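Each chain, letter by letter, is given below.
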Amino acid sequence: MSIKRIFLIVFDSFGIGALPDAEDYQDSGTNTLKSIFSSEQFSAPTLQKLGLFEIDGVEVGEKIHAPIGCYGRMAEVSAGKDTTIGHWEIAGIYSPKKLPVYPNGFPKEIIEAFEKQTNRHVICNLPYSGTKVLQDYGQQHLDTGDLIVYTSADSVFQIAAHEKIVPVEELYRYCEIARQILQGEHAVGRVIARPFIGEVGTFQRTANRHDFSLKPPSKTMLDILSEHGLDTIGIGKIFDIFAGQGIQKNIRTKNNQDGMNQTIALLQKDFHGICFVNLVDFDMLYGHRNDIDGYAHAIAQADKQLKQLIEQMEKDDLLIITADHGCDPGYLKSTDHSREYTPLLVYGKQIRQGVNLATRKTFSDIAKSILDIFQINADICGTSFWNQIK
């Protein structure tokens, strides 16, 4: 038995219940799946068929007699609950230290250095909702050309600018400047370009968002796969999250639906290796906005496309579905990410069905298993589950 292509899909923020240490992150009681299951918009027959509701600790949904997939839940061992740390751990990196956050805004020396190198003033410099910051500072930005810099509970330095005032490529250049400044103790996970359009009262962010991530501190499974001559394809935010490291081909997407369409299209392409996909809308559009119905509807849409993907998979393909953290839209104390278990669903025509993979101690078990599948022995975090399912 041999696997030729692996499709690893991250449902960004699709948590399935609070981790034991969630209280340390002010996330006790969070459960993204439970919140969205309460919505009439929720429908996930494909995920159900794969074994979502069979996972240990999942108390919603109807269990089925014979799931077609193998299933389990992943615990995050790294410190943090953000996109960067979560994806790094999926790819085999343990991060013992949280990335820096700035609940009071960035220090004076960072802002002054940024203003000097961009030759533009900064306004805001506070933790803010990405939509509200445009309402409160958009007019001032239009009047002055000053850059709207803000952060969140995550380790991010975000720069918002109107596309008519600051062309997108110029905004990207400013982000690269910020990325160079934000090193050492101030090495945030991501610098994010947040271009927007419209008039006062109708401002809206565009699809030209771009993340400038911190480079992974060590080799990931992507580097190792690439070094062994295997293909590594990133769809969606993957290239940005890993700062391009270890990724041979990058496919940008407009939204979740486009991301799934691009993944399905790749089934018709001949490659040997991994297709690593991030579907960010769950997190960006719904989790952070406490939009339970929107999140549930997005899951229902993705579930339909997942059915198409499974129907078109070849016998030597493998599908792995997981998440990078939670973002419980029903947790009204916060709109931030939540420290949760994530699902692990594995399907392929050559593997066993209905295997309970229980609770995995680290997201990195995915990386270790993928390397194991391709018969690569590498010093990387995690424990392989390949022998349990093959």
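It should be noted that the structure appears before, not after, this text.
Residues numbered from 1 in each chain as written. Predicted model: local features only at pLDDT ≥ 70, side-chain atom pairs only at ≥ 80, totals over all residues. Heavy atoms only, no water.

Asks: Would you take a moment to explain the sheet that holds strand β13 (residues 342–347) for this structure?
Replies: Where strands meet in a sheet, backbone hydrogen bonds hold them as pairs that are either parallel or antiparallel. Pairing is mixed in the open sheet, where 8 strands are placed in the order β10-β9-β11-β1-β12-β13-β2-β14. The open sheet has two edge strands, β10 (249–251) and β14 (356–360), and neither has a second partner. Each strand of the sheet is rotated relative to its neighbour by a mean of 15°, with strand direction disregarded. Here strand β12 (residues 317–322) pairs with β13 via 3 bridges, running antiparallel. Note on β13: the bridge partner recorded for I321 is L345. (Pairing = 2+ DSSP bridges. Helix = DSSP H or I, 4+ residues; strand = E, 2+ residues; numbered from the N terminus. Axes fitted to C-alpha atoms, helices over the stretch in contact; angles between N-to-C directions.)

Asks: Explain helix α9 (residues 256–266) here, please?
Replies: Since the α-helix advances by 3.6 residues per turn, residues separated by three or four positions end up pointing in the same direction. When we look at burial in α9, the residues that qualify are N256, D258, G259, M260, T263, I264 and L266. Check the buried side of α9 and you find it contacts β1 (5–11), β9 (231–235), β10, β11 (273–279), α10 (281–287) and α11 (292–312). Looking at where α9 begins, the residue whose side-chain oxygen comes 3.3 Å from the main-chain nitrogen of Q257 is N255. (Buried < 20%, exposed > 50% of the residue type's maximum accessible area, 1.4 Å probe, protein only. Contact = heavy atoms within 4.5 Å. Polar contact = N/O pair within 3.5 Å; in protein donor to acceptor, adjacent residues only side chain to side chain.)

Asks: Explanation requested: the packing of aromatic side chains in the structure shown.
Replies: Two descriptors summarise a pair of aromatic rings, namely the distance from one centre to the other and the angle between the planes of the rings. Overall, the coordinates contain 13 aromatic pairs when judged by the stated rule. Judged by centre distance (5.6 Å) and plane angle (20°), the ring pair of F282 and Y295 falls under stacked. Of the two residues, F282 is situated in helix α10 and Y295 in helix α11; the sequence distance between them amounts to 13 residues. Across the pair, exposure class does not vary: F282 and Y295 are buried alike. Among the aromatic residues, ring-to-ring pairing joins F11, F14, F282 and Y295 into one connected group. One residue, R73, lies across the ring of Y341, its end atom 3.9 Å from the ring centre. One Lys or Arg, K98, reaches over the ring of Y25 and ends 4.4 Å from the middle of that ring. (Phe/Tyr/Trp six-rings, centres within 6.5 Å; stacked < 30°, edge-to-face > 60°. Lys NZ or Arg CZ within 6 Å of the ring centre and 35° of its normal.)

Asks: So what exactly am I meant to see when it comes to the nonpolar core here?
Replies: Ranked by size, the top nonpolar core spans 48 residues in total, and within it I9, F11, F14, L47, I299, L306 and L319 carry the most contacts. A per-element tally of this core places α11 first, with 8 residues. Judged by nonpolar contacts, the second largest core, of 45 residues, contains I90, I93, I351 and L357. (Core = buried A, V, L, I, M, F, W, Y, C linked by side-chain atoms within 4.5 Å.)

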